[in-house]
Structures are given as C-alpha cells and as structure tokens.
Amino acid sequence: MIPAQNELLRLNILFQLYNDLFKVESFGDIQRQFYKIIGCNKSQILAAIFYLDSRGSIQARSTRDRDVIQMHIRSRGIDEIEDRLGKGVLFVSSNQIIPIILIKWPEEDNDDKK
C-alpha cells in the first residue's frame, strides 16, 4: 500500500471507533468493545491496528477468536479525529472512502462464568 492508503485505512479505523464510542451506554462497556476483522487485506488492517495501538490512539487486545479484537479509542485518537473534522480534512464518511473493515462483535463468552 502507498502511504496515502495506509493513512486512509488508519483514519477509517479511528473514525469507526470514534463513532462507536458515542453509542456506548455505560462506562464499563467502553473497554468491552469487540470487532471482527473482515476484508481481504487482513494483514494490512492488523498492521494499521498495531500502528495505532503503538501510538496510543487506540488500545487493542487479541482474543481467543483469531479474527476478533477487543479495542477502543483513546483520548489521543479522539483528538486526532476531532482535529481533522475541525479542519475539514475528513469531509466524507469513512464508509465511502474505504469499505467497512470492522464489524461490531458480541462480547466473547467467558468460559469461567459457566
């Protein structure tokens, strides 16, 4: 991927997490957001998630399911998206720029509770 495509992919992930943040109904649910990675470029999506995690924009954790990641946006990621929205850089919905790459996934079943 060229650098511009990498940047769009990262922005798409941040924008989706930003939108999902405001749909959370309780404080405890903020850190319990699971996403299934879909699409043909899973390695590029994982690289973008790793990059955003290492920069402190998001927090990502692996789960038992190979394609499901637990993650949420952090304050640095919120600031980045809001700065871009304020400058008019992100003027088109990210869903129109790049197809959906993450879908909300139900919380993992915890075998310890059974």
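The structure presented is a predicted model; accordingly, all values stated were derived computationally and were not measured.

Procedures and definitions
- Residues numbered from 1 in each chain as written.
- Predicted model: local features only at pLDDT ≥ 70, side-chain atom pairs only at ≥ 80, totals over all residues.
- Heavy atoms only, no water.
- Helix = DSSP H or I, 4+ residues; strand = E, 2+ residues; numbered from the N terminus.
- Buried < 20%, exposed > 50% of the residue type's maximum accessible area, 1.4 Å probe, protein only.
- Contact = heavy atoms within 4.5 Å.
- Areas by Shrake-Rupley, 256 points an atom, 1.4 Å probe, with all protein chains shown as cover.
- Salt bridge = Lys/Arg side-chain N within 4 Å of Asp/Glu carboxyl O.
- Phe/Tyr/Trp six-rings, centres within 6.5 Å; stacked < 30°, edge-to-face > 60°.
- Lys NZ or Arg CZ within 6 Å of the ring centre and 35° of its normal.
- Core = buried A, V, L, I, M, F, W, Y, C linked by side-chain atoms within 4.5 Å.
- Axes fitted to C-alpha atoms, helices over the stretch in contact; angles between N-to-C directions.
- Parallel < 35°, antiparallel > 145°, perpendicular 65-115°, else oblique.
- Left-handed = near helix turned anticlockwise from the far one by under 90°.
- Polar contact = N/O pair within 3.5 Å; in protein donor to acceptor, adjacent residues only side chain to side chain.

Caption draft 1: Spotlight on the overall build of the protein. Along its length, the protein carries 4 helices and 4 strands. For the protein, the N- to C-terminal ordering of α and β elements is α-β-α-β-β-α-α-β. A total of 114 residues make up the protein; the buried ones form 35% of that total. For the protein, restricting intrachain contacts to residue pairs at least 6 apart in sequence, the fraction spanning at least 24 positions comes to 71%. Accessible area for the protein stands at about 7300 Å²; split by element, carbon and sulfur atoms hold 51% of it.

Caption draft 2: Representation of the pattern of salt bridges. Scanning the entire structure with this criterion turns up 5 salt bridges. Of the charged contacts in the structure, one is a salt bridge between R84 and E7, with a shortest N-O distance of 2.7 Å. Of this pair, R84 sits in helix α3 (residues 75–87) while E7 sits in helix α1 (residues 3–21), and the two are 77 residues apart along the sequence. With relative accessibility at 22%, the residue R84 sits in the partly exposed group. Residue D20 is joined to K23 by a salt bridge in which the shortest nitrogen-to-oxygen separation is 3.8 Å. On the basis of relative accessible area, D20 is assigned to the buried category, the value being 10%. Within the structure, one salt-bridge network assembled from shared partners comprises E7, R10, E80 and R84.

Caption draft 3: Local environment of the packing of aromatic side chains. For the structure shown, the criterion picks out 1 aromatic pair. Judged by centre distance (5.1 Å) and plane angle (75°), the ring pair of Y18 and F22 falls under edge-to-face. Above the plane of the ring of Y51 lies R10, whose end atom (NZ or CZ) is 3.8 Å from the centre.

Caption draft 4: Layout of the nonpolar core. Judged by nonpolar contacts, the single largest core of 20 residues is most densely connected at L17, I49, I58, M71 and I73. Considering every element that reaches this core, the biggest residue donor is α1, with 8 residues.

Caption draft 5: Summary view of the packing of α1 against helix α2 (residues 42–54). Packing of α1 against α2 leaves a shortest axis separation of 9 Å and a crossing angle of 70°. In terms of their interaxial angle, α1 and α2 are classed as roughly perpendicular. Handedness of the crossing formed by α1 with α2: right-handed. Every residue of α2 that contacts α1 at L9, R10, I13 and L14 is listed here: Q44, I45, A48, I49, Y51 and L52.

Caption draft 6: Structural view of the side chain of T63. Mapped onto the fold, T63 is located in the loop between β2 (58–62) and β3 (68–73). Of the polar contacts made by the side chain of T63, one reaches the backbone oxygen of D65; its length is 3.1 Å. A polar atom in the side chain of T63 sits 2.6 Å from the backbone oxygen of V68.

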